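Per-entry structural report
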Amino acid sequence: MRFQPELKALAPWVAAFGVTPDTRISTPLGERPASDLVIGDLINTRDDGLQPITNLREAFAAPAERNHYPVCIAQGALGFGLPRADLTVGPQHRILFEHIRVPLMFGTDAVLVRAKSLAASHPNISVQRAVAPASYIQITLDEQSVIFAEGVPIETVLPDGECTLEYMTLRSWELMAAVA
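Read on for a plain summary of the structure. Bear in mind that the values here come from a model prediction, so they are computed numbers and not experimental data.

1. Digging into the pattern of salt bridges
Counted by the stated rule, this structure contains 7 salt bridges. A salt bridge links R46 to D47; its shortest N-O distance comes to 3.4 Å. Judged by relative accessible area, D47 falls into the partly exposed class, the value being 48%. Residues E98 and R46 are paired through a salt bridge, measuring 3.3 Å at the closest nitrogen-oxygen approach. On the criterion of sequence distance, the pair formed by E98 in the loop between strand 7 (94-97) and helix 1 (102-106) and R46 in the loop between strand 3 (42-44) and strand 4 (50-61) is long-range, its members being 52 residues apart.

Given below as C-alpha cells:
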C-alpha cells in the first residue's frame, strides 16, 4: 500500500471502518492480502464485475477507543464455510447479510449489518479488546460496491463513512429478530 500524503484527516469515527491488513480480498488473480493491494488493482465486486481500486488508506484506532475495537468473525461463523478464515474488521464496517428470514421480514434478499451488530447476535463473532492500535485498510472504488473479504461480501468505504448502497442497514435488535 502506498502512503498518500494528499489525503485529509479522517473524522474520528471513520477510523472504525475497514479490514485488517492480513485480510484476503478477492481479485481476478486470486485472494490477496489487503496490505498488498495498490491503487489501480482490479478487485471482484458482487454486482459490478471487476473494478479498479481508486483509493486506499490505512486508519488507526487507539486501544482506548472502545468504539473502535476490532470485530472478529470466526472462520465458518456465517455458515456455508464463510468466512474462509477468521475475518477481522472495524466495528462500523458493514457486511452484506443473507439469511432465509431476511426476505420475509424486510422484503429484500440481503441487508447490510454493522460488524458490531453481528457480534450481538452470533456466538462465534466477537468484539476484541484492543491492546495496541488497530490498523484498518480502507478500500475505495469509483462507486461504493460490495467486495469479498475471506469470501464474505462487505462494503467498500466512502471517504466520509457514509453508505450509498441500495441495501437496508439493520440495527442489532432488527438482526436478532431476523435470526432468532
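2. Some thoughts on the nonpolar core
Formed by 30 residues in total, the largest nonpolar core has its most connected members in I25 and I139. Not counting chain neighbours up to four residues away, the residues in contact with I25 comprise V19, G30, E31, R32, A34, L37, I43, I139, I147, F148 and A149. Ranked by size, the runner-up nonpolar core spans 6 residues in total, among them L96, L112, L165 and Y167.

Scoring rules and cut-offs
- Residues numbered from 1 in each chain as written.
- Predicted model: local features only at pLDDT ≥ 70, side-chain atom pairs only at ≥ 80, totals over all residues.
- Heavy atoms only, no water.
- Salt bridge = Lys/Arg side-chain N within 4 Å of Asp/Glu carboxyl O.
- Buried < 20%, exposed > 50% of the residue type's maximum accessible area, 1.4 Å probe, protein only.
- Helix = DSSP H or I, 4+ residues; strand = E, 2+ residues; numbered from the N terminus.
- Core = buried A, V, L, I, M, F, W, Y, C linked by side-chain atoms within 4.5 Å.
- Contact = heavy atoms within 4.5 Å.

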